[in-house]
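If you want the building blocks of each chain, they are given just below.
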Amino acid sequence: MPTPTLDARLEAVLEMIRTDVHADIGSDHARLPVRLIREGRAERCVAVELNPGPLEQARRSVARSRLEAQIEVREGDGFGPILPGELGSASLCGMGAYTIRGILERAGERLPPALVLQPNDSALLIRLWARATGYHVRAERLIAGYWSYPVLRLERAEGADLAYEGMPLDAALKYGPLLLRLGGGVICHQIEADIARLQKVAAPGRESWHELETARTALDVLDHGIK
Ligand SMILES: C[S@@+](CC[C@H](N)C(=O)[O-])C[C@H]1O[C@@H](n2cnc3c(N)ncnc32)[C@H](O)[C@@H]1O
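Because the structure is predicted, anything quoted here is derived from the model rather than measured. In every chain, residue numbers begin from 1 and rise along the written sequence. It should be noted that, the model being predicted, local features are given only for residues of pLDDT at least 70 and side-chain atom pairs only at 80 or more, the latter also being counted only at that level, while totals for whole chains, interfaces and linings use all residues. The side-chain numbers reported here are obtained from all heavy atoms of the structure, hydrogens and water having been left aside.

Stacked, tilted and edge-to-face are the three classes assigned to paired rings of Phe, Tyr and Trp, where Trp is represented by its six-membered ring and a pair needs centres within 6.5 Å; plane angles under 30 degrees give stacked, over 60 edge-to-face, the rest tilted. Scanning the entire structure with this criterion turns up 3 aromatic pairs. With centroids separated by 5.0 Å and ring planes inclined at 85 degrees, the aromatic side chains of Y146 and W147 adopt a geometry described as edge-to-face. For a Lys NZ or an Arg CZ to count as sitting over a ring, it must be within 6 Å of the ring centre and within 35 degrees of the ring normal. Lying over the aromatic face of Y164, R131 brings its terminal NZ or CZ to 4.5 Å of the ring centre.

Inter-axis angles, ranging from 0 to 180 degrees, are taken between N-to-C directions of lines fitted to C-alpha atoms, where helices are fitted over the stretch in contact. Secondary structure elements follow DSSP: runs of H or I of four or more residues count as helices, runs of E of two or more count as strands, with numbering from the N terminus. At their nearest, the axes of helix α8 (residues 185-199) and helix α9 (residues 207-224) sit 9 Å apart, and the two run at 150 degrees to each other. Judged on the interaxial angle alone, α9 and α8 are roughly antiparallel. In this structure, α8 meets α9 at a crossing whose hand is left-handed. Only S208, E211, L212, A215, R216, A218, L219 and L222 of α9 make contact with α8, whose side of the interface consists of I187, C188, I191, E192, D194, I195, L198 and Q199. By the definition adopted for this analysis, an angle is roughly parallel if under 35 degrees, roughly antiparallel if over 145, roughly perpendicular if from 65 to 115, and oblique otherwise. Here is the rule for handedness: rotate from the far helix to the near one, and if that takes an anticlockwise turn smaller than a right angle the crossing is left-handed, while a clockwise turn gives right-handed. Residue contacts are counted whenever heavy atoms from the two residues lie within 4.5 Å of one another.

Those domain boundaries reflect an automatic or database domain assignment. Splitting the chain by domain gives domain 1 (1-159) and domain 2 (161-227). Inter-centroid distance (C-alpha atoms) of domain 1 to domain 2 is 27 Å. If you look at the interface, domain 1 gives 16 residues, while domain 2 gives 16 residues. Any Lys or Arg side-chain nitrogen located within 4 Å of an Asp or Glu carboxyl oxygen qualifies as a salt bridge. Our count for the contact surface shared by domain 1 and domain 2 stands at 0 salt bridges. Distance and chemistry together define a polar contact, namely a pair of N or O atoms within 3.5 Å, with one atom able to donate a hydrogen and the other to accept it when in protein, and with adjacent residues in sequence counting only for side-chain atoms on both sides. Taken together, the connections running from domain 1 to domain 2 amount to 5 residue pairs in polar contact (both at pLDDT 80 or more).

When we say a residue is near a molecule or strand, we mean one of its heavy atoms is within 4 Å of it. The local shell around the ligand holds 17 residues, among which R9, E49, N51, D77 and G78 are the closest. D77 has a polar side-chain atom sitting 2.8 Å from a nitrogen atom of the ligand. In this structure, a nitrogen atom belonging to the ligand sits 2.8 Å away from a main-chain N or O atom of G78. Here a cavity is any set of points on a 1 Å grid over the protein atoms alone where a 1.4 Å probe fits but cannot get out, and a pocket is any open set with protein on both sides within 12 Å along at least 5 of 7 lines; a residue lines the site when it has an atom within 4 Å of a point. Grid points define the cavity or pocket, and a molecule sits in it when more than half of its atoms lie within 2 Å of them. With respect to the pocket detection grid, the ligand is positioned in the largest pocket. Taken together, the elements giving at least two residues each to the shell around the ligand come down to α1 (8-15), β4 (89-95) and α4 (97-107). The element that contributes the greatest number of residues to the shell around the ligand is β4, accounting for 3 residues. Residues are grouped as follows: nonpolar covers Ala, Val, Leu, Ile, Met, Phe, Trp, Tyr, Cys and Pro; charged covers Asp, Glu, Lys and Arg; every other residue, Gly included, is treated as polar. Of the residues belonging to the shell around the ligand, the class tally is 6 nonpolar, 6 polar and 5 charged.

We now examine the side chain of Q118. With respect to the helices, strands and loops of the structure, Q118 is situated in strand β5 (residues 114-119). Among the polar contacts listed, one links the side chain of Q118 to the backbone nitrogen of G94, at a separation of 2.9 Å. Sequence-distant contacts of Q118, that is, excluding residues within four places in its chain, are made with R9, V13, L92, C93, G94, M95, I100, Y149, P150 and V151.

Now for the environment of W147. With respect to the secondary-structure elements, W147 resides in the loop between β6 (135-144) and β7 (148-156). A relative accessible area of 47% places W147 in the partly exposed class. C-alpha separation for the pair W147 and N120, spaced 27 residues apart in sequence, amounts to 7.5 Å. Between buried and exposed lies partly exposed: a residue is buried under 20% and exposed over 50% of the maximum accessible area for its type, with that area taken using a 1.4 Å probe on protein chains only.

In structure tokens:
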């Protein structure tokens, strides 16, 4: 079987993974685990699927790639089919941030030391969860597509997350501490679009007013760096 292609967001995810055992939760087509094994980025993978259609799709894809010895497809909810301590890392991609956070919250001691997460919407909930549970932001990308897709690598670590050091917290949580440090066209475009949208609806005392202030602060960091 030819090596499966990945779209830009899953290519970004792929580049953030290098481990012994990796689980792709909500794997669907299982293209990510196939590429991880083919490129030597993981020695073994577990593809987890909740729903029968995608589960069957994952099984077919792994069989076609003849990688059954390295990729195990397991049926279940989130980290349910994973043993504590089994994984070096896990990915959750192509779902809403609320769904991803729910799966992470239910995982308990099955959570691995590293996570690569790609929510289809704002990563704010994910960053709040990471700060509350001792995961630090180690890498962030924003991939242009139908929406802008955030991709984050988180690692379990002690102490304060240095990615946020010197950053205005609300802006960093909303837009990403490393994305604001790195800048670039996609994040700049997203912030400018937010400002244009919010300017039409914001009024003092409303949530949209605070969101507009946050977006303006983020743009200021992009334009002038951290003060
Ligand atoms: C939109 S697809 C994304 C597929 C792939 N990860 C990607 O990014 O292209 C989301 C997949 O997650 C699966 N899923 C949703 N909730 C899940 C859960 N709690 N546990 C396991 N899989 C889940 C769905 O069945 C679906 O196949």
